[in-house]
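Residue-level listing of the chains:
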Amino acid sequence: MDLVFNLLPAAVPYWLRVGLAGVVCAVILITLMALGPIAYVYVETKIAGFMQDRIGPKRVGPHGLLQTVADALKLMFKEAIYPAGADKLLFILAPCLVVVGAFLSFVVLPFSSRLQAVDLNVGLFYVVAVSSISTVGLIMAGWASNNKYALFGAMRSAAQIVSYEIPAVMVLLTVVMMAGSLSLQDIVWAQAGGLSRWFLFRYFPLMPVAFVIFFTAGLAECNRAPFDIPEAESELVAGFHTEYSGFFFAMFFLAEYTEMFVVSVVASVLFLGGWMAPLPMLQQLGPVGLGPIWLLAKAWSLVFVMMWLRWTLPRLRVDQLMYVAWKVLLPIAMVLVVVVGGLVLWSPTASGFPWDRWAGWILAPLLVAYLAYMIVAARRWSARRTREMAA
Amino acid sequence: MSNPAYGWRVDDIDTDEMILNMGPQHPSTHGVLRIELRTDGEVVRAARPHIGYLHRCFEKHAESVDYPGVIPYTDRMDYVASMGNSLGYALAVEKLMGIEVSPYVQTIRVIMAELQRIASHCIAVGTYGMDIGAFTPFLHLLRDREKILDLFEWTCGARLLYNYNWVGGVSHDVPDGFVKAVRQFLREFDAITYPEMIDLLIKNKIFIKRTAGIGVCSPELAVSYDLTGPNLRGSGPPRDLRRDEPYLGYENYEFDVVVGEGKFGPRGSCFDRNWVRALEMKESAKILHQAVDRLEKMEHTDVHEKVPKRVKPAKGEVYARSEAPRGQLGYYIVADGTGINPYRVKVKSPCFTAMSIFHVLANGMYIADIIALIGSLDVVLGEIDR
Amino acid sequence: MDAPSIHGRLKDRFGEKIVAFQAEALQPWAVVAPDVIAEVAVFAKSDAALAFDNLLCLSAVDYPKEDPPRMEVVYHLFSYEHRHKFVLKVHLPREGAHVPTVEGTWAVANWHEREAYDLFGIVFDGHSDLRRILLPDDWVGHPLRKDWVDPDFYNGMHVKPTPQMAERAMAGEKIGVGPFDFTPPNRHVDE
């Protein structure tokens, strides 16, 4: 916002400059949010197709690129049906609230050192706070639909999101203690200086665990498989959005994919160095900053992992979900908070373990090597099978 | 009317309980089944299945057409495994008339029945994965079921409802190159389908956690409710008609009867029933390997050789069972000796009895487990309602 | 055990209540008096030598032309322990037929008996939940009886085409509502 503010000539009255800057930012972000899911849905269908040994969309546009556009248009022009006995006001308000909840987080996401709508000094706190608004929307949707399946979905989602918020926030505390700030921009700056400075690789065995906990809880908070019990299609038909159609349904869809993106961005800001490049020299290409590209690359990799999990894993049951949250993630998160807090306060380890300087440089290549090995092994497996088949 | 069998009436539910009506339009009731659930939050206190939404008066139709004319109707009962249905009917009428088909036709029937068993279990295991939330294995298995349907289409022109097993024979001889195609399919099955299914679905930790230990059915309960096929074998008793009362020369094939082992929790759980299905596919493949080897060396006879010009059994009645993919399929056929129509045909379908145990197993489950239970019983509503 | 010895064992226990025995049939059967069928069932299951723990099938058959006209309930029994089979039959009058339930012995009989009630109108005394199972609750009559006549109406709806409709269709006229054409394809008049 400051960027836009400064671009406007000083002759323009102050209130107009603030107003215009706000509007411009809002328009850009809303466009980003509205167009993003179109790309994600297309990518998701293609990934699903790849995993399920089929082609995926290919009829509309080249390689089916326009399929989601067509879907979105169709959804927009479809009739919105209000079920008999529904609370109409709440029924309409609910999807709006869900979208707003997902969208508000965008305000503080740092896409680079300057590309950020507002750098709130309580940024992280703000993200946590506004992302809970969606829950209210989901419960409203479930209640207003006058449908038992929707109600079940709403209650499940409330229980799930409230439960998983706790380990997620606990883990956020460790990051905040290390960075010493709630501002997302400050957190990114605290990870400056290449791969090994990323919070993921600090306090070596501790922070990777924190990352896994945060990512798991994030998955659960955006109702993605294997934690998609609020909309479990084989149990609750479609959960809280069973009764929604047309544009209102599209809004739930939008919110889900937006939340996925937000969670991924927040995870990369907190643990993967945000818009920082893995090597400091890759940060700039001549005069052009590559910050947004690095951030999007990290966030989209995490989105891909989410899709990958969705098409691989079965769904958990309600009680198992709660078990994971309260008996596995939460105790670990609590221990992490205490231990990391102590380490940060204790002067010898205040800036990390001695091996932190090179832990990242070893772990990251190992991780990449492992992934590469898996891909090669999978290819070899399929090649062997094909050969056996032909024999 | 009061229903002590289900232990509750609509007007005596508690204030914190509610009735959840699952179906007939519900994504995972495997057709049009309606279940009335009395739920306390997520916990199901009682369940009451309602069937009949797919009732097509099979038994009434059977009385108004002649004996061969019933076969297309049998195909439509268990539409996921039509070969097994018409085979059971053909065997029953042949028993009634004392027809003995040639070994060649028997081998063809065995091949078709076992291919159908694999295809049917592909659907069963695949949709079970989908019920639990894993979508990918379903499409992988469907892809391989497609290959079997191609073989059937090649043989008799139909992909779903074959009208293939006739009284006294089969409708078409297998085409040239059929044996080679089956071998190719079996290679693919052994190399890809089976290991992939085991790795991706059966060995998945979440899948095991979701299914092992729920819906546990003791062997006594299973026998009392006349569960058959994989549902019974999941509880332990190694009862398989192909082994116990061999027909079609099954006694000459080497295969194992798979039973539930209770690897991850009590024996007879949903996991065991599904596990039996998954492993049975392997056994069917074993039988197929032997059957195609025999078919090659065998003297070819006309497949219509024993088909009677007019099917008109003498007065009598027969109850004949065969091991369909979903369990023992029994036909009770009464012939009055005067008409060319059956006097009475009663079908004891394995899914009918499997569904009747549902309300016993469903008590005290979570709603998500209800889905897992329906899937593990592997019911096809076309066969329940007939 | 073979069929005659099974019959003998039942005969020893129940005497005159085992009315008849047909040994020549493909699957031999014994006819049991309706009032003792429940006791016979309990005996057949609990007796160590018989041990019929499995009810394979329970079916009803309508014989209006027999003398006297009768309805039969047929029980196919099987023993997992001894691997033997036996068939029991019960003869019932065609009107107001009722017979004790065997649900307490073989749980699976519950649904089989409901089906027999639904399609034949046989009342099973002591059945815990005797409702229609396959047909709708408001259905009138029992369609598998041999004297069943298809009704013209179901809940006020035509279930058969009226004679007028049939005549118009035979004359090649388009029968249907709005754009829908229900004329049988072979009745379309060629231009």
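Residues numbered from 1 in each chain as written. Chains lettered and ligands numbered in written order. Predicted model: local features only at pLDDT ≥ 70, side-chain atom pairs only at ≥ 80, totals over all residues. Heavy atoms only, no water.

Caption draft 1: Expanded view of the overall build of chain A. What chain A contains, in helices and strands, is 14 helices and two strands. For a compact globule of 391 residues, the expected C-alpha radius of gyration is about 21 Å, and chain A comes in at 22 Å, within 12% of that figure. A principal-axis box enclosing the C-alpha atoms of chain A has dimensions of 80 × 65 × 45 Å. Counting the 391 residues in chain A, one finds 49% classified as buried. (Helix = DSSP H or I, 4+ residues; strand = E, 2+ residues; numbered from the N terminus. Rg over C-alpha atoms; globule rule 2.2 N^0.38 Å. Buried < 20%, exposed > 50% of the residue type's maximum accessible area, 1.4 Å probe, protein only.)

Caption draft 2: Quick look at the overall build of chain B. In terms of helices and strands, chain B carries 15 helices and eight strands. A compact globule built from 386 residues should have a C-alpha radius of gyration of about 21 Å, and chain B, at 21 Å, falls within 12% of that. Going through the 386 residues of chain B one by one, you find that 67% of them count as buried. Sequence-distant contacts, at least 24 apart, represent 71% of the contacts inside chain B between residues at least 6 apart. Side chains of chain B give 45 positive and 51 negative charges; the mean places of these two sets differ by 1 Å. (Contact = heavy atoms within 4.5 Å. Lys, Arg positive; Asp, Glu negative; His and termini not counted. Charge placed at Lys NZ, Arg CZ, Asp CG, Glu CD.)

Caption draft 3: Spatial organisation of the arrangement of the chains. The chain pair with the greatest number of contacts, out of two pairs of chains in contact, is formed by chains B and C. Across all C-alpha pairs, the smallest distance from chain A to chain C is 24 Å, and the two are not in contact.

Caption draft 4: Spotlight on the interface of chain A and chain B. On the side of chain B, 39 residues touch chain A, which itself brings 27 residues to the contact. Across the chain A/chain B interface, buried area totals approximately 3100 Å², and carbon plus sulfur atoms make up 60% of it. Where chain A packs against chain B, one counts three salt bridges. Notably, a salt bridge pairs Arg156(A) with Glu42(B), separated by 2.6 Å at the nearest N-O pair. Inspection of the region where chain A meets chain B yields eleven residue pairs in polar contact (both at pLDDT 80 or more). (Buried area = accessible area lost by both parts, 1.4 Å probe. Salt bridge = Lys/Arg side-chain N within 4 Å of Asp/Glu carboxyl O. Polar contact = N/O pair within 3.5 Å; in protein donor to acceptor, adjacent residues only side chain to side chain.)

Caption draft 5: Broad picture of the layout of surface pockets. Roughly 2400 Å³ of volume is contained in the largest pocket. Taken together, 48 residues make up the lining of the largest pocket; nearest its centre are Phe304(A), Trp308(A), Leu371(A), Met374(A) and Ile375(A). Of all elements in the fold, only helix H2 (14-51), helix H9 (206-221), helix H12 (291-310) and helix H14 (356-390) of chain A together with helix H5 (136-156) and helix H6 (178-202) of chain B reach the threshold of two or more residues within the lining of the largest pocket. Broken down by element, the lining of the largest pocket gets its largest block of residues, 16 residues, from H14(A). Here the residues of the lining of the largest pocket sort into 35 nonpolar, six polar and seven charged. The calculated volume of the second largest pocket comes to roughly 1200 Å³. Contributing to the lining of the second largest pocket are 48 residues, with Val41(A), Phe249(A), Phe253(A), Leu254(A) and Tyr257(A) lying nearest its centre. (1 Å grid on protein atoms, 1.4 Å probe; cavity = no way out; pocket = protein on both sides within 12 Å on 5 of 7 lines; lining within 4 Å. Points joined across faces, edges and corners; volume = space filled by probe spheres on them. Nonpolar A, V, L, I, M, F, W, Y, C, P; charged D, E, K, R; others polar.)

Caption draft 6: Up close: a nonpolar patch on the surface. Residue and element names in this part refer to chain A. A contiguous nonpolar surface patch, about 680 Å² in accessible area, is contributed by Leu65, Leu66, Val69, Leu73, Met76, Phe77 and Phe247. Counting residues per element, the nonpolar patch draws most heavily on helix H3 (residues 67-77), at four residues. Its place among the elements puts Leu65 in the loop between H2 and H3. Here Leu65 falls in the partly exposed class, since its relative accessible area comes to 45%. (Patch = residues over 30% accessible without salt bridge, like charges linked within 9 Å, V, L, I, M, F, W, Y side chains within 5 Å. Areas by Shrake-Rupley, 256 points an atom, 1.4 Å probe, with all protein chains shown as cover.)

Caption draft 7: Spotlight on the sheet that holds strand E1 (residues 18-22) of chain C. Residues and elements named next belong to chain C. Reading across the sheet, the five strands line up as E1-E2-E5-E4-E3 and stay open at both edges, with mixed pairing between neighbours. Every interior strand has two partners, whereas the edge strands, E1 and strand E3 (54-63), have only one. Averaged over all pairs of adjacent strands, the angle between strand axes in this sheet comes to 20°, irrespective of strand direction. Those strands touched by helix H2 (residues 37-46) are strand E2 (29-32), strand E4 (70-78) and strand E5 (85-93), and its axis lies near 170° from that of E5. (Pairing = 2+ DSSP bridges. Axes fitted to C-alpha atoms, helices over the stretch in contact; angles between N-to-C directions.)

Caption draft 8: Highlighting the packing of helix H2 (residues 67-75) of chain B against helix H3 (residues 82-97) of chain B. Residue and element names in this part refer to chain B. At a closest axis distance of 8 Å, the pairing of H2 and H3 adopts a crossing angle of 155°. When the axes of H2 and H3 are compared, the pair comes out roughly antiparallel. Note that H2 runs across H3; the crossing there is right-handed. Across the interface between the two elements, Tyr67, Val70, Ile71, Thr74 and Asp75 from H2 touch Ser82, Asn85, Ser86, Tyr89 and Val93 from H3. Class assignment for the residues of the contact of H2 with H3 results in five nonpolar, four polar and one charged. (Parallel < 35°, antiparallel > 145°, perpendicular 65-115°, else oblique. Left-handed = near helix turned anticlockwise from the far one by under 90°.)

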